[in-house]
Amino acid sequence: ASGLPIFGYKPNTGTPLTPSLPRPYNNLGVPGFAVTNTTTSKTSADSGIPFTDLVLRNPAFGNTTQLQQAASLKPTFTTIFIGNIDVLGPVSIATVIDGVTLTTKAAFQTQFQLIIDTMKAAQGGTGKGIVFGLPDITSIPLTTTILPFIAPGVTYLGQKSHVDPATGLNIGFDPIAPIPATSLVTLQAGPLIQSGYGIPCAIAPLPNCNKPLPDGYLSIDVSSGTPKVKIVDGVVLYPDEVALAQSRTADFNGIIKAAGTAAGYTYFDTSAYFAELKAKGRDFGGIIITTSYLSGGFFGYDGVHPTSLGYAIAANDIISFINANYRTS
C-alpha cells in the first residue's frame, strides 16, 4: 500500500450559524478564489465556486463582490491574502500554462492594485493591516512527498505534453521516457503509482506498468456538440513548469509587497515563513511539529491545507507578527 489516503466527500458539511447577519462577514475569505474573483465574482453561478454564495450571501448585499463588501465595512484593520490559487490551482493539476491556467503578471498587478486602492480608500486613505505574500510551491507536501525516483538514479516514466503557444492547447506528446530528476510529482500520483503507472514492467509487473504518469494538458472537447476547452489533469510538474510557477510566485510577491507597503500595509513574507517552518519545524507544547506529510502534524491529508493544529500555530505566529509591528497585545 502507498500509505496515501483516499479522498471522498461528506454528504453534508454542516449548517451555517449566522446566515442572516445583517452586514457582510468580517471574514470574507472564499476558498478557491483567485485574484480576479475578488473583484468580479458575486455568486456561485459566475465564479463556479459553491462557497461564493455561502460567504457573500448575495443578493442580500446588493449583488456585490468580495472586495466591495470588505470595503463597505470600513475596517480599522484588515488582512489581505489573495493569489495563492492563481499559482497553486494550475500546480495542483500539473497543468501550468502561462495566461491560460496560470495568471499573468500583468493581470495580477491590475487586480491586486485595485484591491489595495479600494481598501486603502475604505480605511481613510492609509492602509492599516497586513498583506500576505505567497508560499513557494515546494513548501507543501502536495509537491514534495512523492519523490520522482523509483529507486536511486531511476525516475518514473512520463510523457510530456507540448503546448501551442498561441492557444495553450496540446499539440502532441513526447515519447514515453523517464521524467527529469528535477520534476515534481503531486500526491494525486499515489494511486496511479500503486497500480503501476510510471513504473517499468522490468521493475514491477503491475497491471499498468510501462504506462506513463500523466502530464496535464488542454484539449478541445466536442462531446456536447459545442467545442469546449477541457483540462485533463496531470500529476507530473516538469522542470519548465516548476520554474514558471516559482518565478511567477516571486513576481506576485514583488507586486504584493510593493503595492501593499506603498499604501501603508505591512508585508508578511509567507514564503520565508514556510521555508523556515519546513527547515526547522516548530516546538509546540513540547512536541516538534513539522511539515512532513501525515506524520508532521502541520499539514492535513490534502497536503495543502493545515490541520487545526497547523492553523493554530500559524495564527499564533501571525498574532505575534501583528503585535511586533503594531505595538498591540
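These lines cover the structure that appears in this document, whether it is placed above or below. (Residues numbered from 1 in each chain as written. Predicted model: local features only at pLDDT ≥ 70, side-chain atom pairs only at ≥ 80, totals over all residues. Heavy atoms only, no water.)

Things to note about the state of the cysteines
Under the counting rule described, the total for this entry stands at 1 disulfide. What pairs with C201 in a disulfide is C209, and their sulfur atoms sit 1.9 Å apart. Taking the sign of the S-S torsion, about 85 degrees here, the bridge from C201 to C209 comes out right-handed. Residue C209 is classed as buried on the basis of its relative accessible area of 11%. (Disulfide = S-S within 2.5 Å. Buried < 20%, exposed > 50% of the residue type's maximum accessible area, 1.4 Å probe, protein only.)

Examining the pairing of strand β11 (residues 228–232)
The sheet contact formed by strand β10 (residues 217–221) and β11 spans 5 bridges and is antiparallel. Counterpart to Y217 in the pairing with β11 is V232. As consecutive antiparallel partners, β10 and β11 are separated by 6 residues, and within that stretch G225 has a phi angle of approximately 95 degrees, a positive value. (Pairing = 2+ DSSP bridges. Helix = DSSP H or I, 4+ residues; strand = E, 2+ residues; numbered from the N terminus.)

A short note on the environment of T65
In this fold, T65 is placed in the loop between α3 (51–56) and α4 (66–72). Given the relative accessible area of 3%, T65 is considered buried. The spacing of T65 and T39 is 26 residues in sequence and 6.0 Å in space, taken between C-alpha atoms. Leaving out residues up to four positions away in the same chain, T65 has contacts with T38, T39, T40, S41, K42 and L56. (Contact = heavy atoms within 4.5 Å.)

Examining the pairing of strand β7 (residues 170–173)
Note that strand β6 (residues 161–163) and β7 share 3 bridges and pair antiparallel. If you follow V163 over to β7, its bridge partner there is N170. The turn joining β6 and β7, which pair antiparallel and follow one another in sequence, is formed by 6 residues; a positive phi near 80 degrees is taken by G168.

Considering helix α5 (residues 84–92)
Quick reminder: α-helices carry 3.6 residues per turn. Residues three or four places apart thus point the same way. Buried residues of α5: D86, V87, L88, P90 and V91, and no others. The secondary structure elements touched by the buried residues of α5 are α1 (35–40), α6 (105–122), α7 (141–144), β12 (236–237) and α9 (239–263). At the exit of α5 stands A94, carrying a positive phi of roughly 50 degrees.

So, the sheet that holds strand β2 (residues 129–132)
The strand order across the open sheet formed by 3 strands is β1-β2-β13, and the pairing between neighbours is parallel. Single-partner strands in this sheet number two, and they are β1 (78–80) and β13 (266–268). When strand polarity is set aside, the average angle formed by the axes of neighbouring strands in this sheet is 25 degrees. As paired strands, β2 and β13 are joined by 3 bridges and run parallel to one another. Looking across to β13, one finds that V131 is bridged to Y267. Contacts between α6 and the sheet are confined to β1 and β2, with β1 contributing the most and set at about 180 degrees to the helix. The strands touched by helix α11 (residues 308–326) within the sheet are β2 and β13, with β13 carrying the most contacts at an inclination of about 150 degrees. (Axes fitted to C-alpha atoms, helices over the stretch in contact; angles between N-to-C directions.)

Keep in mind that these numbers describe shape and distance, not what the molecule does.
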